[in-house]
Amino acid sequence: MKDYNFSGIEKRWQEYWEVNKTFRTEDDFTNPNKYYILDMFPYPSGAGLHVGHPEGYTATDIMARYKRMKGFNVLHPMGWDAFGLPAEQYAIQTGTHPAVTTNKNCDTFRRQIKELGLSYDWDREINTTDPAYFRWTQWIFLKLYNTWYDQANERGRDINELPIPLDVIKAGDEARKKYIDSKRLAYYDDAQIWYCPSCRIVCANEEVLTDGSHEKCGNKVVRRNLKQWMLRIPYYAERLLSGLEKLDWPEGIKEMQRNWIGRSTGAEVDFMIDGHKEIITVYTTRPDTLFGATYMVLSPEHPMVAGLTSPEQKQKVDDYIVSASLKSDLDRTDLAKDKTGVFTGTYAINPVNNKKIPVWVADYVLMGYGTGAIMAVPAHDERDFEFAKKFGIDIVCILSPAIDDPEQKKRIISGKECWSGDGVYINSSDSERQITLDGLNVEKGIATITRWIEQRNIGIHRVNYKLRDWLFSRQRYWGEPFPVIHWEDGRITLVDEKDLPLTLPELEVYEPGENGESPLSNATDWLYVTDNEGRRGKRETNTMPQWAGSCWYYLRFIDPKNDHEIFDSAKEKYWMPVDLYIGGAEHAVLHLLYSRFWHKVLHDLGIVSTDEPFMKLFNQGMILAFAYETATGAKVASDQVSEKEGRFIITETGEEVKQIVAKMSKSLKNVINPDDVVKSYGADTLRLFEMFLGPLDATKPWDEKGIKGPFNFLSRVYRLIANSENITDGEEDPEILRVLHKTVKKVTEDIEALRFNTAIAAMMIFLNTAFKKEKITRDTAAVFIKLLSPFAPHLGEELWQLTGHTGTIAYEPWPVAEEKYLTEDVFECPVSVNGKMRFKIELPVNLPQDEVKKIILADERAQKWIGTATPKVIIVPNRIVNIVL
RNA sequence: GCGGAUGUGUCGUAAUUGGUAGCCGAGCAAGACUUAGGAUCUUGUGCCUCAGGGCGUAAGGGUUCGAGUCCCUUCAUCCGCACCA
């Protein structure tokens, strides 16, 4: 009897696929059914794969193989997001060129991935660090630089089509240049940025955690002012928001993107300043509460603070601004902290009633949002309420809350409690200015006051977004160089398209400068350039962030070897959009938002044909692992721990430890390497196990004990089908046929819905049935092998060959469930009494209801429950019968 | 605090979407075959039980002939956001 020798089988078929290029994708435009299925390509770290990687990769692989068998032309590629800090850190420590480290890591990843039997088209492999690739990343940067956003038409356009206002033209060349620069999607400017002194790197807002630490290293970041490249993503905020609606993405991810974009509607309102000529414009979502505005707050960074501060208050205000600038973001945003602020000594005039209200400076108002100034309505805004209470500012209630509790209502109206909900306005009239809101509700109030403000020309309806300009440069070596030259006369030019790629120079030292200069500033030969007129210039020394390469890689897979254009547009039209994109939820906002942004720009420029890149997105859940810690919290490596009578002890010392479930990480010493699993059980078992663990999107703990289930299953499959004495050529047993076709139906539906765990369970049920019968026909075996092959492709190929077929199973037609085997003529009808299942009775399918009733009521088991009563009988045809007493 | 999700045996999970709760697997127990088994094959396995049943899907309430599934309240866990005016 033959036994399941997985390592031999897997090696043989991996070689077969490699030699025969089984999974090479042709750009066969005659097949209208294309399927582009994509994994989030990995950063090839030095540690190699962990078992989380194969989860998503197996899911897409099953789908890809299934679609091929369904006759689709499938694009299923893999590549490397290979720029990044670790290789550069290693270079700083050892002097090894990051490219060397990167290539080594890619080799490891490629080997490991190939050992999982994933059906990628390796001819399309890409690497973001390859100049042939980043040439086009730089090319896109040129496009961003040369694009402006036409707000009227809501699309990006070539910078040469930018209309220049007359007054700018009159002001001369310099003004014209400035104006154009102010409209480009990519611009270079002083930016207040976060800097991580430990990594010596500038961080994007989104790389800084709430507690003010750098997400990469955990050390505290500080504020710096540096010249930086920025991208004007907020121009696309509205389209990034509305575009979400037609996408088949998890609701949670869409919601996170919506929150990140942070659209709000309200109004900008101008306030005159008592004794000054200037006007302060505030942004508010509640213009209806103007009558309750009892003070105003400017952000410490607001440009008008200095000018408005009275001489008596100057010292205090200056001190406050300095102390605010020294605060970390943690201190500034921590809710537990008391609000702080100082009075400027100046008063603004409330436009609805001409009342003077004090102007304060406080750091709870952020310069980066709205206008950096607010009107404060303590009675109807929690933050203002807290601030007003602390500093003894008036709290004027102008809205009677829509609540029943009379006590609470009293507190709110007297200004002792804050109310931000709906209600009816009170004290909100001014006859002189012809405005009244009294008696209205909030919705009507906002509409009324906004109209009034606009009519009086003191403000305007306004939509605001939290989304900020994207800080796009890093003081690093191992990234795409910007194709930019800064000339001695202060001008900036971009490297010509035909001179791309601009490659990285060789360096001796990778260490960044003390003040955050990039290591590239040491590359003197590379750095300095002179143009035809003898003008001297210096190359941009910043490099692009890691997001750059991953923003558009899905487009390069379409035509990865094209050396004269980014991709062939006929191929792009055929393959785009990505039909299914699977990856971790950690990229919910950044990668997916940035990609969508670039894609929309490219779409506006006519470079891509679709408005959105990823039609369906699915997040695989994280795989957690057991970890162990001692009473003092020290982590103990999993392989040093053993179980004894339900307790966990360190094998060597006998010390008891606690078992916890946590994210796999080096520090917890609980990372599981797929190589070990492949070695002991084989890749097919690993694939099956990861899919069988639970729903693809659930967070699941890795418990290797369970791997025996899938392993036994595959062994049994092999023993049944590989041993020819079990395979017959006669008529199939009707029960096997019925179960087989049920399995075909179930597996097909489950794959389509990404429910691989239940698909596997269905195949196990089939096998249990077949195993009991001991024999199956060749036809049955063929159908079952096809079902199994996307999940366990090596075994699928092997059994396909052993049952007398030649070549690969990868393009064999997917089986179809035949209805005639699915319908049965009798079924076990459950009978419940008062909703509780009591017994089952065999009934013919589609028996008329009165017949059913007659049979059921005559049954002695029913009689026992009914007794003398006259029951109501509810019949759900072919499903259940309920007797109600 | 706000937003999203989840809660079912000892464990991972399943349930034709309002119709038999616990499929499939792990673990455990008993047995068979074996020189041996961390192999293989049977069988059993939610809890309680006076053996007729009773109780069970985080807790409580509701709608329904019928609720794991729908509605309300509460609790717990996870994820994201967090002074965005």
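Because the structure is predicted, anything quoted here is derived from the model rather than measured.

Q: Help me understand the domain arrangement of chain A, please; the structure alone is not making it clear to me.
A: Frequently, the measure chosen for interface size is the accessible area that the parts lose on association. Entries for chain A in the domain assignment read domain 1 (264–397 + 444–464), domain 2 (623–703), domain 3 (708–818) and domain 4 (824–884). Averaged C-alpha coordinates put domain 1 and domain 2 at centres separated by 54 Å.

Q: When you look at the pattern of salt bridges in this model, what are you seeing that I'm missing?
A: One pass over the full model with this rule turns up 56 salt bridges. A salt bridge links Glu 55 to Lys 700; its shortest N-O distance comes to 2.4 Å. With a gap of 645 residues between them, Glu 55 in helix α2 (residues 52–69) and Lys 700 in strand β33 (residues 700–702) connect regions that are remote in the sequence. For Glu 55, a relative accessible area of 1% puts it in the buried group. Look at Lys 700 and you get buried, because its relative accessible area is 4%. Ionic contacts of the salt-bridge type, sharing partners, join the residues Arg 239, Lys 246, Arg 596, Lys 600, Asp 604, Asp 611 and Glu 612 into one network.

Q: Looking at this structure, I do not really get the sheet that holds strand β1 (residues 34–39). What am I missing?
A: By definition, the strands of a sheet pair up through backbone hydrogen bonds, in either a parallel or an antiparallel sense. Spatially, the four strands line up as an open sheet ordered β2-β1-β26-β27, and their pairing is parallel. Both outer strands of the open sheet, β2 (73–75) and β27 (617–619), are each paired with one neighbouring strand and no more. For this sheet, the mean inter-axis angle between neighbouring strands, taken without regard to orientation, is 20 degrees. Bridge analysis of β1 against strand β26 (residues 580–583) gives three bridges, and the strand direction is parallel. Within the sheet, the bridge partner assigned to Ile 37 lies in β26 and is Leu 580. Relative to the sheet, α2 contacts β1, β2 and β26, its axis offset from that of β1 by approximately 170 degrees.

Q: Honestly, the nonpolar core in this entry has me stumped. Any pointers?
A: When a protein is soluble and globular, its nonpolar side chains tend to lie buried together. If you look at the biggest cluster of nonpolar residues, it comprises 169 residues, and the most contacted ones within it are Trp 470, Tyr 553, Trp 598, Phe 713, Ile 721 and Phe 791. Here this core gathers at least three residues from each of two domains, domain 2 (623–703) and domain 3 (708–818). Look past the residues within four positions of Ile 721 in its chain and what remains in contact with it is Ile 727, Ile 776, Ala 781, Phe 784, Ile 785, Leu 799 and Thr 803. One finds Val 342, Ala 348, Ile 403 and Ile 449 within the second-largest nonpolar core, a separate group that totals 51 residues.

Q: Would you take a moment to explain the sheet that holds strand β37 (residues 836–844) for this structure?
A: If you trace the four strands from one edge of the open sheet to the other, you get β37-β36-β39-β38, paired in mixed fashion. Of all strands in the sheet, those bounded by a partner on one side alone are β37 and β38 (872–876). Each strand axis lies, on average, 20 degrees off the axis of its neighbour in the sheet, ignoring direction. Two elements, β38 and strand β39 (residues 880–884), share five bridges in a ladder whose sense is antiparallel. In the sheet register, Ile 874 faces β39, and the bridge partner there is Asn 882.

Q: It is not clear to me how the pairing of β26 should be interpreted in this structure. Could you clarify?
A: For a regular strand, side chains alternate in direction, first toward one face of the sheet and then toward the other. Burial of β26 is two-sided: the residues Leu 580 and Ile 582 facing one way and the residues Tyr 581 and Gly 583 facing the other way are all buried. Crossover handedness for the path β26 to helix α20 (residues 590–604) to β27: right-handed.

Q: What exactly am I supposed to notice about the packing of aromatic side chains here?
A: Two descriptors summarise a pair of aromatic rings, namely the distance from one centre to the other and the angle between the planes of the rings. The tally for this structure, following the rule as stated, stands at 52 aromatic pairs. Here the aromatic rings of Trp 80 and Trp 122 are separated by 6.4 Å at their centres, their planes lie at 25 degrees, and the arrangement is stacked. Of this pair, Trp 80 sits in strand β3 (residues 79–80) while Trp 122 sits in the loop between α4 (98–114) and β4 (126–127), and the two are 42 residues apart along the sequence. An identical accessibility class is assigned to Trp 80 and Trp 122; each is buried. Ring geometry for Tyr 120 versus Trp 122: centroids 5.8 Å apart, planes at 80 degrees, classification edge-to-face. The same class applies to Tyr 120 and to Trp 122, which are both buried. Directly above the ring of Trp 17 sits Arg 65, whose terminal nitrogen or CZ lies 4.8 Å from the centroid.

Q: In this structure, what is going on with the environment of Leu 802? I would like to understand it.
A: Among the structural elements, Leu 802 can be located in helix α27 (residues 793–802). Each C-alpha atom, one on Leu 802 and one on Ala 447, is 76 Å from the other, the two residues being 355 residues apart in sequence. Apart from residues no more than four positions distant in its own chain, Leu 802 is found in contact with Lys 2, Tyr 718 and Ala 722.

Q: Quick question: what am I supposed to make of the packing of α2 against helix α24 (residues 734–752) here?
A: Packed helices, taken two at a time, are described by their axes: the angle between them and the distance between them. The geometry of α2 relative to α24 is characterised by a closest axis approach of 10 Å and an angle of 120 degrees between their N-to-C directions. Between α2 and α24, the crossing angle belongs to the class labelled oblique. Like other packed secondary-structure pairs, α2 and α24 cross with a definite hand, here left-handed. On α24, the residues touching Ile 62, Met 63, Tyr 66 and Lys 67 of α2 are Thr 748, Ile 751 and Glu 752. In the contact of α2 with α24, the residues fall into four nonpolar, one polar and two charged.

The rules behind the values
Residues numbered from 1 in each chain as written. Chains lettered and ligands numbered in written order. Predicted model: local features only at pLDDT ≥ 70, side-chain atom pairs only at ≥ 80, totals over all residues. Heavy atoms only, no water. Domains from an automatic or database assignment. Salt bridge = Lys/Arg side-chain N within 4 Å of Asp/Glu carboxyl O. Helix = DSSP H or I, 4+ residues; strand = E, 2+ residues; numbered from the N terminus. Buried < 20%, exposed > 50% of the residue type's maximum accessible area, 1.4 Å probe, protein only. Pairing = 2+ DSSP bridges. Axes fitted to C-alpha atoms, helices over the stretch in contact; angles between N-to-C directions. Contact = heavy atoms within 4.5 Å. Core = buried A, V, L, I, M, F, W, Y, C linked by side-chain atoms within 4.5 Å. Right-handed = clockwise from strand over helix to strand, strands pointing away. Phe/Tyr/Trp six-rings, centres within 6.5 Å; stacked < 30°, edge-to-face > 60°. Lys NZ or Arg CZ within 6 Å of the ring centre and 35° of its normal. Parallel < 35°, antiparallel > 145°, perpendicular 65-115°, else oblique. Left-handed = near helix turned anticlockwise from the far one by under 90°. Nonpolar A, V, L, I, M, F, W, Y, C, P; charged D, E, K, R; others polar.

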